[in-house]
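Per-entry structural report
These are the residues of each chain, in order.
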Amino acid sequence: MKVEDDKINSILTHSKFLDYLKRIQQYESSREFCRHNLQHFLDTARIAYILVLEKKLSFNKELIYAAALLHDIGRWMQYEDGRAHDAASAVLAEEILIDCGYSKEEIIQITEAIKSHRTMEKDENSLNYILYYSDKKSRSCFDCKSIDRCNWPLEKKNSFIIY
Ligand SMILES: [Fe+2]
Ligand SMILES: [Fe+2]
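Comments concerning the coordination of the iron ion (ligand 2)
- Only His-40 (NE2), His-71 (NE2), Asp-72 (OD) and Asp-135 (OD) from the protein coordinate the iron ion (ligand 2), and they sit 2.1 to 2.2 Å from it.
- Geometry at the iron ion (ligand 2) is irregular, judged from the four donor atoms that bind it and their angles of 81 to 173° at the metal.
- Donor residues binding the iron ion (ligand 2) come from one chain and are separated in sequence as H-x30-H-D-x62-D.
- A separation of 3.6 Å is found between the iron ion (ligand 2) and the iron ion (ligand 1), both of which receive a donor from Asp-72.

A word on the coordination of the iron ion (ligand 1)
- The iron ion (ligand 1) binds to the protein through Asp-72 (OD), His-85 (NE2) and His-117 (NE2); the donor distances cover 2.1 to 2.2 Å.
- Taking the relative accessible area as the measure of exposure, Asp-72 reaches 2% and is therefore buried.
- Overall, His-117 belongs to the buried group, its relative accessible area being 1%.

A word on the nonpolar core
- Judged by nonpolar contacts, the single largest core of 41 residues is most densely connected at Ile-11, Phe-17, Ile-64, Leu-70, Leu-97, Tyr-102 and Ile-110.
- Contributing elements (two or more residues each) for this core: helix H1 (3-12), helix H2 (15-27), helix H3 (38-54), helix H4 (61-70), helix H5 (75-81), helix H6 (85-99), helix H7 (104-115) and helix H8 (127-137).
- Per-element accounting of this core gives the leading share, eight residues, to H4.
- Residues within four places of Ile-64 in sequence aside, it is in contact with Ala-45, Ala-48, Tyr-49, Val-52, Phe-59, Leu-127 and Ile-130.

Observations regarding H2
- Helix length check: H2 (13 residues) gives 19 Å between terminal C-alpha atoms against 18 Å at 1.5 Å per residue, within 8%.
- Those residues of H2 that sit buried are Phe-17, Tyr-20, Leu-21 and Ile-24. For H2, the arc enclosing every buried residue in end-on projection is 105°, short of the 170-degree limit, so these residues lie on one face. Across H2 from its buried face, at more than 90 degrees, point the exposed residues Ser-15, Lys-22 and Gln-26.

Points about H6
- End to end, H6 covers 21 Å across 15 residues, agreeing with the expected 21 Å (1.5 Å per residue, within 8%).
- The sharpest bend along H6 measures roughly 25° and falls at Ala-93.
- For H6, the full list of buried residues reads His-85, Asp-86, Ala-88, Ser-89, Ala-90, Leu-92, Ala-93, Ile-96 and Leu-97.
- Among the residues trailing H6, Gly-101 stands out with phi positive, at a value near 85°.

Points about the packing of H4 against H8
- Where H4 meets H8, the axes come as close as 11 Å, and the angle between the chain directions of the two elements is 50°. Viewed along their axes, H4 and H8 adopt a mutual orientation that is oblique. Handedness of the crossing formed by H4 with H8: right-handed. Across the interface between the two elements, Leu-63, Ile-64, Ala-67 and Ala-68 of H4 pack against Leu-127, Ile-130 and Leu-131 of H8.

Side note on the environment of Asp-6
- Within the element layout of this structure, Asp-6 appears in helix H1.
- Looking at Asp-6, the relative accessible area reads 41%, which means it is partly exposed.
- Distance from Asp-6 to Lys-157, taken between C-alpha atoms, is 34 Å for residues 151 residues apart in sequence.

The rules behind these values
- Residues numbered from 1 in each chain as written.
- Chains lettered and ligands numbered in written order.
- Predicted model: local features only at pLDDT ≥ 70, side-chain atom pairs only at ≥ 80, totals over all residues.
- Heavy atoms only, no water.
- Donors = N, O, S within 2.8 Å, 3.2 Å for Na, K, Ca; no water.
- Tetrahedral: all angles 85-135°; square planar, octahedral: opposite > 155°, others 65-115°.
- Buried < 20%, exposed > 50% of the residue type's maximum accessible area, 1.4 Å probe, protein only.
- Core = buried A, V, L, I, M, F, W, Y, C linked by side-chain atoms within 4.5 Å.
- Helix = DSSP H or I, 4+ residues; strand = E, 2+ residues; numbered from the N terminus.
- Contact = heavy atoms within 4.5 Å.
- Expected span 1.5 Å × (residues − 1).
- Arc of directions from axis to C-beta.
- Bend = angle between axes of the 7 residues up to and from the residue.
- Axes fitted to C-alpha atoms, helices over the stretch in contact; angles between N-to-C directions.
- Parallel < 35°, antiparallel > 145°, perpendicular 65-115°, else oblique.
- Left-handed = near helix turned anticlockwise from the far one by under 90°.

Shown next as structure tokens:
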């Protein structure tokens, strides 16, 4: 295993990461719509990495996986008191990223992408856009029983597979 993969796995096994995942899971246990679980984080990471490879961008794997694994980690706070989960996730991510050995510059880049993951960035080669787009594309609307009750606008729903 390469050193860069160790950083990714240190997020995956971080006690706070696991605690936040569990909190989200508790809030979403009877959620009808898409959940914010490890599967979603991994789907987002893998699509983001495919995009980086396809577009021949220079973002490394540890940066991409960190952004994707942590982008919704503050979702439980949104359930708790209504605060926006993009901003909450960025705050919670910072502490985990420091513990996992990410540099100051990397942390700024990752938390910026997390903060803006619900807004479409114009620059399609930016980390912000890659995270936004892979987050959206990770959802299997084509296989969803609740598609008609979901409040995503029709044009955002994935009616076929791209990744
Ligand atoms: Fe999100
Ligand atoms: Fe997400």
